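The primary structure of each chain is shown beneath.
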Amino acid sequence: MKKLFLTLIGMIIFIPMFAQTNFRDITYEDGLKVAKTENKLVFIDFYTTWCGPCKMMMKSVFPTKEVGDYFNTNFVCLKLDAEAEGKDLAKKLGVNAYPTFFVLDATGNVVFKKVGGDADALSFIAAIKQGVNAELSPERMAERYASGERSAELIETYANSLYKASREGRTIDNSKIEQAQKIVDDYFNSLTIEQKLAKENLFIYGMNYTSSVTDPKAIFMFENKDKFVLESQEVIVKNIKSLLDSELRDYFCGDKEYNQTGFNALKALIAKQGMADSQGYKAMYNIIEETATGNNANFFKVADKEFENLTAAQKEWLLMSFENRFSEAGTEDIKVACQFMRDHFRTLEASSIYFTAVTLMQLEKLLEAQ
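To keep things clear, this report deals only with the structure shown in the data block. Here the structure is a predicted model, which is why all the values come from computation and not from measurement.

Parameters at a glance
Residues numbered from 1 in each chain as written. Predicted model: local features only at pLDDT ≥ 70, side-chain atom pairs only at ≥ 80, totals over all residues. Heavy atoms only, no water. Buried < 20%, exposed > 50% of the residue type's maximum accessible area, 1.4 Å probe, protein only. Helix = DSSP H or I, 4+ residues; strand = E, 2+ residues; numbered from the N terminus. Pairing = 2+ DSSP bridges. Expected span 1.5 Å × (residues − 1). Arc of directions from axis to C-beta. Contact = heavy atoms within 4.5 Å. Core = buried A, V, L, I, M, F, W, Y, C linked by side-chain atoms within 4.5 Å. 1 Å grid on protein atoms, 1.4 Å probe; cavity = no way out; pocket = protein on both sides within 12 Å on 5 of 7 lines; lining within 4 Å. Points joined across faces, edges and corners; volume = space filled by probe spheres on them. Nonpolar A, V, L, I, M, F, W, Y, C, P; charged D, E, K, R; others polar.

Of all seven residues in strand S2 (residues 75–81), seven are buried; the element is thus mostly enclosed. Burial along S2 is two-sided: the residues Phe75, Cys77, Lys79 and Asp81 and Val76, Leu78 and Leu80 are all buried. Pairing of strand S1 (residues 41–47) with S2, which is carried by seven bridges, proceeds in the parallel orientation. Residue Phe46 lies in a different strand from S2, and its bridge partner there is Leu80.

Looking now at helix H9 (residues 174–190). Here H9 is 17 residues long and its end C-alpha atoms lie 24 Å apart, about the 24 Å a rise of 1.5 Å per residue gives. Ile177, Ala180, Ile183, Val184, Tyr187 and Phe188 are the residues of H9 that are buried. Seen from one end, H9 has its buried residues packed into an arc of 130°, which puts them on one side. In H9, the exposed residues that point more than 90 degrees away from the buried face are Glu178, Lys182, Asn189 and Ser190. Looking at the buried side of H9, the elements it contacts are helix H7 (138–146), helix H8 (152–165), helix H10 (193–196) and helix H11 (216–224).

Looking now at the nonpolar core. By size, the foremost hydrophobic cluster in this structure holds 91 residues, and its most contacted members are Phe43, Phe71, Leu244 and Phe322. Here Phe322 is in contact with Phe299, Phe300, Ser327, Ala337, Phe340, Met341, Thr359 and Leu363, once residues within four sequence places are set aside. In this structure, Ala35, Val42, Leu80 and Leu104 belong to the second largest nonpolar core, which totals 16 residues.

The subject of this paragraph is unusual backbone geometry. Cis geometry marks the peptide bond from Tyr98 to Pro99; its omega dihedral reads -5°. Along the polypeptide, Pro99 turns up in the loop between helix H5 (87–93) and strand S3 (100–104). Phi is positive for Asn39, close to 55°, though the residue is something other than glycine. For Asn39, the location among the structural elements is in the loop between helix H2 (28–38) and S1. With a relative accessible area of 73%, Asn39 lands in the exposed category.

The next point concerns empty space enclosed by the protein. Here the structure, examined in full by the defined rule, presents one cavity of 30 Å³ or more. Each pocket or cavity is described by its volume, and for the largest cavity that value is around 60 Å³. If you trace the largest cavity, you find it lined by Asp120, Leu122, Ser123, Asn160, Phe203, Gly206, Met207, Asn208 and Tyr209. Here the residues of the lining of the largest cavity are counted per class, giving four nonpolar, four polar and one charged.

Structure representation (structure tokens):
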């Protein structure tokens, strides 16, 4: 079994995917020269080939149009492996966690350092903007907000700053999250319909601040997605899809107790948004509804039948939910769950193998303890 894990984890690969963000294939020294010529700052992403958050940034953040537009306009972007070509510079700058991002001026002076990535592209942009602009320091933003300023840039960056600060301690500071949410909600409620549709206010509809289908901001998105300017509609549709995915995933992974009325309402909302035919949704519906019966034998049959119809992410969600689903189940159900995971390992994408392998290892430990 250990040999299988090593083989599967070894299959994880690191493939560059930066379609929108222009990471230039030049040295650090040349980057400084280009920055001086183009009158830009230098942005450096220090990564390693084994770093999970680095892969997340590569796959989900840097390829987005919003990130590409902002970074290509304002920075000469470099991506350096902190254990290879960027090793010496990383040591000089004191890099000891990954990913770590630096913004430097054209002479090499550090303007801003950010440790860790962001799953949300707009939050990542806001964090970098805050770091390079003194007017966006936490203290100055609090002063500006208290004075009554309500610009989109201030609201976005101030709320994101509070949201980030809520996670900097050993425990999550929910008061800061609530403060950030109130700032965004109050701002949203103060806007006219035209302002709610404005591109500068797209941050309102991201998952940080619009995380429920019953949120007034979500309802506004649902009812007005075709009224946003064409350039913004892609972001809005993506946000709606992410929101519906999140709601559906909660049922799918067993994080939300099944309620037929509530689940049917969600399915109706998905259909109304024209997303009922999204890849994997019908398979998810079937698995969710079979889960609700409480018959594990039938659950495994339906899950096995529908597995190939799920997307790569959905497959990962399903398999990673097994630890919670079956941690208190009987020995036979845990054995079947483990065998199910082994049977489907080789159909997973490389990026999913490690995390599902960890889940399988936890279930195997439960079996050994019984």
